[in-house]
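Coordinates in review
Here are the chains, one letter per residue:
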Amino acid sequence: MEIKGALLETKLVKRASLSQDKLRGLGYTADEISILKEIETTGQVDLSEAQLRAIAGTCTGTIVPNSAGKSEYRVSYEWEWDHAPVICYKDSFAIRWEAMGSDGLPVDSTAGSLTVGYVEYYDYDGYFSAIETLQPNRNNIEFNVVKFDFRVGSGTPEVSTYAKRGSGHVQIQKDAGVTRDFYYLKVGALYGHTVVNIGFPSLSVSAGGIGIGFSGGLSTDNIGGDKCKIDLNNQKTAISG
């Protein structure tokens, strides 16, 4: 908290120096702009942890079922920042799944060639700037998970763009030679936000299931998580825990 707090405070003082028009373009509310301008005036950040995180940016994510079948599922994970995050380094998001048969046992599956990710960049006036296509990073990761890496922002505060929203789309297919059919799919997804500039977040997964996390301790926040079960009617049911 000491490292995060000091870093966030430095970044917040810099963010507070932006014009009110730019702050509105970044998605800040009138109340949040008032808080930032108070920070600019005093040079001090005297906020609760909840206020600090809210001003720094909140990212939400959700899993979206696209299609379901006995031999193939297609699912997406969509995430979005409510406004430009104060800390803009290198972030990642990941999707993990486990296809299950009618007997309640896993069915071997893998990500197909249609698996891809996208990130939409906006400028500090709130206008769309560019879209980047991401290929999944599968290095040293189990077969049933894909990870996407990207830069959150670039440039100086006056001309910056930032990753406002993004998505990952996974085509999940039965492995060659597998005769058992899919009956339902369990899916977990998560966003890893770097708060200390040491590179892309490292993915950590447990054996079996859909457990997923980004390691790094003080350097990475795990946010925007979602877990669900998707049946053959393409209906989503939330999984708690």
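Residues numbered from 1 in each chain as written. Predicted model: local features only at pLDDT ≥ 70, side-chain atom pairs only at ≥ 80, totals over all residues. Heavy atoms only, no water.

This paragraph deals with the sheet that holds strand β3 (residues 90-100). Judged by pairing direction, the sheet is antiparallel, and its five strands sit side by side in the order β7-β3-β10-β13-β14 without closing on themselves. Single-partner strands in this sheet number two, and they are β7 (145-151) and β14 (236-238). The mean inter-strand angle of the sheet, taken between neighbouring strand axes irrespective of direction, is 20°. Pairing between strand β10 (residues 184-194) and strand β13 (residues 220-231): ten bridges, direction antiparallel. Paired with V187 across the strands is C228, a residue of β13. (Pairing = 2+ DSSP bridges. Helix = DSSP H or I, 4+ residues; strand = E, 2+ residues; numbered from the N terminus. Axes fitted to C-alpha atoms, helices over the stretch in contact; angles between N-to-C directions.)

Note: predicted coordinates in regions of low pLDDT should not be interpreted at a detailed level. In the predicted model, the chain carries a mean pLDDT of 89, and the fraction of residues at 70 or more is 93%. Ranking the elements of the chain by mean pLDDT puts helix α1 (residues 2-16) last, at 74, and strand β2 (residues 72-81) first, at 98. (pLDDT = per-residue confidence, 0-100.)

As enumerated under the stated definition, the model contains twelve salt bridges in all. For E80, the salt bridge goes to R165, with nearest N and O atoms at 2.8 Å. With E80 in strand β2 and R165 in strand β9 (residues 161-174), this pair connects stretches of sequence that are 85 residues apart. Using a relative accessible area of 23% as the deciding quantity, one classes R165 as partly exposed. (Salt bridge = Lys/Arg side-chain N within 4 Å of Asp/Glu carboxyl O. Buried < 20%, exposed > 50% of the residue type's maximum accessible area, 1.4 Å probe, protein only.)

Here we take up the packing of aromatic side chains. How two aromatic rings sit relative to each other is given by the distance of their centres and the angle of their planes. Applying the stated criterion across every chain, the model contains twelve aromatic pairs. Measuring from ring centre to ring centre gives 5.0 Å for F93 and F148, while their planes differ by 25°; the resulting arrangement is stacked. Taken together, the positions of F93 in strand β3 and F148 in strand β7 put the pair 55 residues apart, joining distant regions of the chain. Judged by its relative accessible area of 0%, F148 falls in the buried class. Note on Y183 and Y184: the rings are 6.3 Å apart at their centroids and 70° apart in plane angle, and the pair reads as edge-to-face. (Phe/Tyr/Trp six-rings, centres within 6.5 Å; stacked < 30°, edge-to-face > 60°.)

Okay, a nonpolar patch on the surface next. Nonpolar side chains collect at one region of the surface, where Y118, F128 and I131 lie side by side and expose about 290 Å² of accessible area between them. Relative accessible area serves as the criterion here: at 31%, Y118 is assigned to the partly exposed category. (Patch = residues over 30% accessible without salt bridge, like charges linked within 9 Å, V, L, I, M, F, W, Y side chains within 5 Å. Areas by Shrake-Rupley, 256 points an atom, 1.4 Å probe, with all protein chains shown as cover.)

So, on to helix α4 (residues 49-56). Within α4 the residues assigned to the buried category are L52, I55 and A56. Seen from one end, α4 has its buried residues packed into an arc of 100°, which puts them on one side. The first or second residue beyond α4 is G57, which carries a positive phi of 125°. (Arc of directions from axis to C-beta.)

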